[in-house]
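Tertiary structure, described
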Amino acid sequence: MTLDDFAATRDVPSDDWYEAASELKGSGHDFFDWLSAYDDSDAGVAVVARIWSVRDRHGAMLRTRVAREGGLLPTLTTLWEGAAWHERETAEMFGIGFTGHPDPRPLLLPDGFDGHPLRKEFVLASRVAKEWPGAKEPGESVAGRKRPPGVPPAGTWGS
Amino acid sequence: MTALPDRSRGVIALREESCTSCMVCARECPDWCIYIDSHKETEPATGEGARPKTRHVLDRFAIDYALCMYCGICIEVCPWDALFWSPEYDHAAGDVLGLTHERETLVTWMRSVPSVD
């Protein structure tokens with residue numbers, strides 16, 4: 001078995017998402033490993049699922065892209081019930097939706113949470129609450145004005 | 001301690017004489033768990049035409065192992081080879097504050113760092 005067997009990724013249009021997953025299940029990929037996403041900037045949100053064949057000891061990755069605003073995919077919970085939590089987390093973290101999901105509540109974020117923390121435009125506010133140890137310059141013991149990576153200048157974000 | 005490969009990754013050791021307080025490790029640390037204080041000292045010029053030299057003197061170097069996720073990025077990025085993996089792992093503490101290893105503790109881990117020669 002080569003690395004390619006583990007890393008083989010099939011890209012499918014979002015319209016074919018459910019059908020492609022269903023085909024994998026039919027070909028012996030019976031174990032739903034995980035589903036998540038990444039922010040692919042202008043290309044949209046890339047959703048990835050990894051399905052495993054227990055019998056053949058073989059994994060398959062399935063990937064599709066949906067729009068950043070209002071992106072929707074059909075749920076895979078009718079194929080694997082265990083996809084429910086993964087889809088809830090992916091929905092809240094990336095601001096996309098899964099149609100037909102039996103329980104589409106946020107999984108980890110508290111009620112009324114504003115924003116989608118794993119999108120690139122989301123500012124890590126906790127990185128402002130704690131003083132950054134790297135803000136000091138060499139030879140100094142008092143924090144300078146250096147901002148931690150990923151935190152935009154004060155006054156340009158938040159309320 | 002049970003027999004482990006001597007390059008096992010247990011705890012991070014500081015070779016303080018190599019540290020120039022450059023802050024690279026503290027800035028690269030994803031957990032923000034490295035704390036460094038330093039000050040500048042000026043050495044008078046030696047000889048004719050020479051200028052006074054400024055150097056950084058390390059005052060504090062601490063790693064908070066309650067936050068550290070042992071990723072080893074600090075060791076990787078250190079331009080001066082001042083940080084090393086030590087195979088020692090038995091540094092549990094009864095108090096969370098005891099997991100912040102100050103310089104005095106961090107240098108003791110050098111005793112188990114395999115020789116680079």
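Heads up: these notes are all about the structure in this document. Only a predicted model underlies this, so the values are computations on that prediction, with no experimental measurement involved.

**A closer look at the overall build of chain B**
For chain B, the count of helices and strands is three helices and five strands. Going from N to C terminus, chain B has its helices and strands arranged as β-α-β-β-α-β-β-α. The buried share of chain B, taken over its 117 residues, is 24%. Across chain B, the fraction of contacts at a sequence separation of at least 24, relative to all contacts at a separation of at least 6, is 76%.

**Structural notes on the overall build of chain A**
A count of helical and extended segments in chain A gives four helices and six strands. Counting over 159 residues, chain A shows a buried share of 22%. Here the analysis covers contacts within chain A between residues at least 6 apart in sequence; of these, 50% occur between residues at least 24 apart.

**Concerning helix α3 (residues 83-94) of chain A**
Residues and elements named next belong to chain A. With 12 residues, α3 ought to run about 16 Å at 1.5 Å a step, and its terminal C-alpha atoms sit 16 Å apart, in line with that. Within α3, nine of the 12 residues are buried, which leaves it mostly tucked inside the rest of the structure. Buried residues belonging to α3 abut β2 (31-39), β3 (45-53) and β6 (97-99). Looking one or two residues past α3, Gly95 carries a phi angle of roughly 70°, positive in sign.

**A look at unusual backbone geometry**
Residues and elements named next belong to chain B. Even without glycine at this site, Trp32 takes up a positive phi of about 60°. Topologically, Trp32 is positioned in the loop between α1 (24-28) and β2 (34-43). Even without a glycine there, the phi angle at Asp81 is positive, about 55°. Checked against the element boundaries, Asp81 lands in the loop between α2 (73-77) and β4 (83-86). On the neighbour-count criterion, Asp81 (11 C-beta atoms within 10 Å) is exposed.

**Some words on the environment of Thr20 of chain B**
All names here are of chain B. Looking at the element boundaries, Thr20 is found in the loop between β1 (11-14) and α1. For the pair Thr20 and Pro79, spaced 59 residues apart in sequence, the C-alpha separation works out to 9.4 Å. In this structure, Thr20 is in contact with His56 and Trp80, ignoring residues within four places of it in sequence.

**Side note on the interface of chain B and chain A**
The extent of an interface is frequently quoted as the accessible surface area lost upon association of the parts. Taken together, the contact pairs 15 residues of chain B with 10 residues of chain A. Counting only elements with at least two residues in the side of chain B that touches chain A, the list comes to α1, β2 and β3 (53-64) of chain B. In terms of residues, the side of chain B that touches chain A owes the most to one element, β2 of chain B, which gives seven residues. Broken down by class, the residue content of the side of chain B that touches chain A amounts to seven nonpolar, four polar and four charged.

**Overview of the nonpolar core**
Among the nonpolar cores identified, the biggest contains 23 residues, and Ile12, Ala13, Leu14, Cys25, Ile34, Cys74 and Leu83 of chain B are the most heavily contacted of them. Looking at this core, the elements with two or more residues in it are β1, α1, β2, β3 and β4 of chain B. The element contributing the most residues to this core is β1 of chain B, with four residues. Not counting the four nearest positions on each side in its chain, Ile12 of chain B is found in contact with Ile63, Cys74, Ile75, Leu83 and Trp85 of chain B. Grouped together as the second largest cluster of nonpolar side chains are 22 residues, Ala20, Ala49, Ala91 and Met93 of chain A included.

**Some details on the sheet that holds β2 of chain B**
Residues and elements named next belong to chain B. Pairing within the open sheet is antiparallel, and its three strands lie in the order β2-β3-β5. Edge positions in the sheet fall to β2 and β5 (100-101), since each has one partner strand and no second. Inspection of the sheet shows β3 paired to β5 by two bridges, in the antiparallel sense. Within the sheet, the bridge partner assigned to Asp64 lies in β5 and is Thr100.

**A look at the sheet that holds strand β1 (residues 9-11) of chain A**
All names here are of chain A. Read across the sheet, four strands follow the order β1-β4-β3-β2 without closing on themselves; strand pairing throughout is mixed. The sheet is open, and its two edges are formed by β1 and β2, each paired on a single side. Put simply, the sheet's adjacent strands are angled 20° from each other on average, direction ignored. Docked against the sheet, helix α2 (residues 17-26) engages β1, β3 and β4 (58-66), running at close to 175° with respect to β4. Together, β2 and β3 form the strand contacts of α3, whose direction differs from that of β2 by roughly 5°.

Calculation notes
Residues numbered from 1 in each chain as written. Chains lettered and ligands numbered in written order. Predicted model: local features only at pLDDT ≥ 70, side-chain atom pairs only at ≥ 80, totals over all residues. Helix = DSSP H or I, 4+ residues; strand = E, 2+ residues; numbered from the N terminus. Buried ≥ 20, exposed ≤ 12 C-beta atoms within 10 Å, placed from the backbone. Contact = placed C-beta atoms within 7 Å. Expected span 1.5 Å × (residues − 1). Nonpolar A, V, L, I, M, F, W, Y, C, P; charged D, E, K, R; others polar. Core = buried A, V, L, I, M, F, W, Y, C linked by C-beta atoms within 7 Å. Pairing = 2+ DSSP bridges. Axes fitted to C-alpha atoms, helices over the stretch in contact; angles between N-to-C directions.

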